[in-house]
Amino acid sequence: MSLFEAKNIVKRFGGVAAVNDLSFTVEKGEILGIIGPNGSGKTTVFNLISCFFPLTSGEIHFKGKRIDQVPAHDICNLGIGRTFQVVKPLKRMTVLENVTVGAFLRTNSMAKAKHKAEEIVDFCGLSQFKDYEAKSLPLALRKRLEIARALATEPELLMLDETCAGLNPRESEEAIAIIKRIRDSGMTIIIVEHIMKVMMGISDRILAINFGSQITIGKPQEVAGHPEVIKAYLGDDHA
Ligand SMILES: Nc1ncnc2c1ncn2[C@@H]1O[C@H](COP(=O)(O)OP(=O)(O)OP(=O)(O)O)[C@@H](O)[C@H]1O
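In the nomenclature of an unreviewed UniProt entry, the protein chain is known as Amino acid/amide ABC transporter ATP-binding protein 1, HAAT family of Desulfitobacterium chlororespirans DSM 11544.

Undergrad: Mind laying out helix α1 (residues 42-49), listing which residues take part and the relevant values?
TA: Here α1 lies mainly inside the structure; 7 of its 8 residues are buried. Within α1 the residues assigned to the buried category are Lys42, Thr44, Val45, Phe46, Asn47, Leu48 and Ile49.

Undergrad: Got a sec to walk through the sheet that holds strand β10 (residues 213-218)? Specific residues and values, please.
TA: In spatial order, the strands read β6-β7-β8-β3-β9-β10; together these 6 strands make up an open sheet with mixed pairing. Looking at strand neighbours, the two that pair on one side only are β6 (80-82) and β10, the edges of this open sheet. Ignoring which end each strand starts from, the neighbouring axes of this sheet average 15° apart. Direction of pairing for strand β7 (residues 157-161) relative to strand β8 (residues 188-192): parallel, over a ladder of 5 bridges. When the sheet's bridge partners are listed, Leu158 is paired in β8 with Ile189. Strand contacts of α1: β3 (31-35), β6, β7, β8 and β9 (205-210), with the helix running at about 150° to β7, the strand carrying the most contacts.

Undergrad: Got a sec to walk through the site of the ligand? Specific residues and values, please.
TA: By nearness alone, every residue bordering the ligand is listed as Phe13, Val16, Ala18, Gly36, Asn38, Gly39, Ser40, Gly41, Lys42, Thr43 and Thr44. Elements that contribute at least two residues to the shell around the ligand include exactly β2 (16-26) and α1. For the shell around the ligand, the element with the most residues is α1, which contributes 3 residues. Partitioned by chemical class, the residues of the shell around the ligand number 3 nonpolar, 7 polar and 1 charged.

Undergrad: Can you break down unusual backbone geometry residue by residue, with the values?
TA: Its identity as a non-glycine residue notwithstanding, Cys51 has a phi of 60°, on the positive side. Its place among the elements puts Cys51 in the loop between α1 and β4 (57-62). Positive phi, close to 50°, is recorded for Lys63, a residue that is not glycine. As for its position among the elements, Lys63 is in the loop between β4 and β5 (65-66). Judged by the 15 C-beta atoms lying within 10 Å of it, Lys63 is partly exposed.

Undergrad: Can you tell me about the sheet that holds β5, naming the residues and giving the values?
TA: The strand order across the open sheet formed by 4 strands is β2-β1-β4-β5, and the pairing between neighbours is antiparallel. Of all strands in the sheet, those bounded by a partner on one side alone are β2 and β5. Pairing of strand β1 (residues 4-13) with β4 involves 5 bridges; the strand directions are antiparallel. Residue pairing across strands places Glu5 opposite His61, the latter belonging to β4.

Undergrad: Let's hear about the pairing of β10: which residues, and what values?
TA: With 5 bridges joining them, β9 and β10 adopt antiparallel strand pairing. Bridge pairing links Ala208 to Thr216 in β10. In this structure, the hairpin formed by β9 and β10 is closed by a connection of 2 residues, where Phe211 is found at a positive phi of approximately 50°.

Undergrad: How would you summarise the environment of Cys164 if you had to cite specific residues and measurements?
TA: Its location among the elements puts Cys164 in the loop between β7 and α6 (169-184). In this structure, the C-alpha to C-alpha distance between Cys164 and Phe4, residues 160 residues apart in sequence, is 25 Å. Not counting residues up to four positions away in its chain, the partners in contact with Cys164 are Ser172, Ala175, Glu193, Ile195 and Val198.

Undergrad: Describe in detail the nonpolar core, supporting the description with residues and values.
TA: Counting 59 residues, the largest nonpolar core has Val99, Val121 and Ala148 as its most contacted members. Considering every element that reaches this core, the biggest residue donor is helix α5 (residues 139-152), with 7 residues. Setting aside residues no more than four positions away along its own chain, Val121 makes contact with Val95, Leu96, Val99, Leu126, Ser127, Lys130 and Ala148.

Undergrad: For the environment of Asp122, give the residues involved together with the corresponding values.
TA: In this structure, Asp122 sits in helix α4 (residues 110-123). Distance from Asp122 to Ala140, taken between C-alpha atoms, is 16 Å for residues 18 residues apart in sequence.

Undergrad: Account for the packing of α4 against α5, with residues named and values stated.
TA: With their axes 9 Å apart at the nearest point, α4 and α5 run at an angle of 140° to one another. For the element pair α4 / α5, the angle class is oblique. Of the two elements, α4 crosses α5, and the hand of that crossing is right-handed. Residues Lys116, Ala117, Ile120 and Val121 of α4 pack against Ala148, Leu151 and Ala152 of α5. A class-by-class count of the residues in the contact of α4 with α5 yields 6 nonpolar, no polar and 1 charged.

Rules of the game
Residues numbered from 1 in each chain as written. Predicted model: local features only at pLDDT ≥ 70, side-chain atom pairs only at ≥ 80, totals over all residues. Buried ≥ 20, exposed ≤ 12 C-beta atoms within 10 Å, placed from the backbone. Helix = DSSP H or I, 4+ residues; strand = E, 2+ residues; numbered from the N terminus. Pairing = 2+ DSSP bridges. Axes fitted to C-alpha atoms, helices over the stretch in contact; angles between N-to-C directions. Contact = placed C-beta atoms within 7 Å. Near = placed C-beta within 6 Å. Nonpolar A, V, L, I, M, F, W, Y, C, P; charged D, E, K, R; others polar. Core = buried A, V, L, I, M, F, W, Y, C linked by C-beta atoms within 7 Å. Parallel < 35°, antiparallel > 145°, perpendicular 65-115°, else oblique. Left-handed = near helix turned anticlockwise from the far one by under 90°.

Following this line, the structure appears as structure tokens:
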């Protein structure tokens with residue numbers, strides 16, 4: 001049984017099918033990358049998985065249970081963590097406090113939550129900033145904090161939405177190094193990134209979508225060479 005399964009999921013906003021009959025699985029320990037041009041439905045897929053929006057039709061299963069009817073605030077409890085394309089830290093709290101809030105999902109003990117948060121802050125390379133207010137951090141560190149907050153909830157499936165967007169090449173490399181460390185810890189990840197090189201290097205499989213529908217799914221090399229993927233990214237002349 002797959003850890004995660006989306007079955008024929010559809011999301012319509014008025015007349016627009018943002019996600020149109022997508023089906024895919026994610027195996028335990030796997031990294032699935034989702035690629036597609038702007039507006040192709042990647043963030044909507046994340047919002048459907050985290051029950052931010054109700055499905056128009058289809059089903060979502062996690063650990064063998066149907067979860068698409070679960071209230072959004074319970075999704076994290078079930079073991080699905082996510083970051084947002086637009087980062088949303090608790091601005092007036094420090095880095096450590098932000099991560100501690102996440103850790104409270106799994107414990108009522110302040111000491112245990114703080115200990116867990118310290119470990120994760122360290123893992124994400126944020127130790128020297130742990131007493132900084134979140135609002136004072138530059139974007140690259142706020143993005144790292146976003147990952148740390150999600151990790152603190154001890155997810156079994158982590159969804160990373162454009163962690164490298166807005167970062168310069170050096171900051172992107174640092175973010176990728178953290179994502180690789182998370183991968184090496186055995187975490188199951190669904191990742192959306194615009195930088196193809198990042199997606200090729202980090203994903204076990206890639207799901208390519210356009211207009212909310214699947215173009216293809218498979219190993220990174222196969223997907224990158226697929227004529228429809230090349231066409232979606234570069235236009236007809238290159239396919
Ligand atoms: N809340 C909403 N209401 C109406 N339409 C929406 C909503 N959210 C997304 N859409 C539409 O659904 C489609 C898919 O958008 P989505 O943000 O999922 O794409 P994306 O692949 O994540 O784009 P990007 O790469 O630019 O972040 C777009 O046409 C978008 O305008």
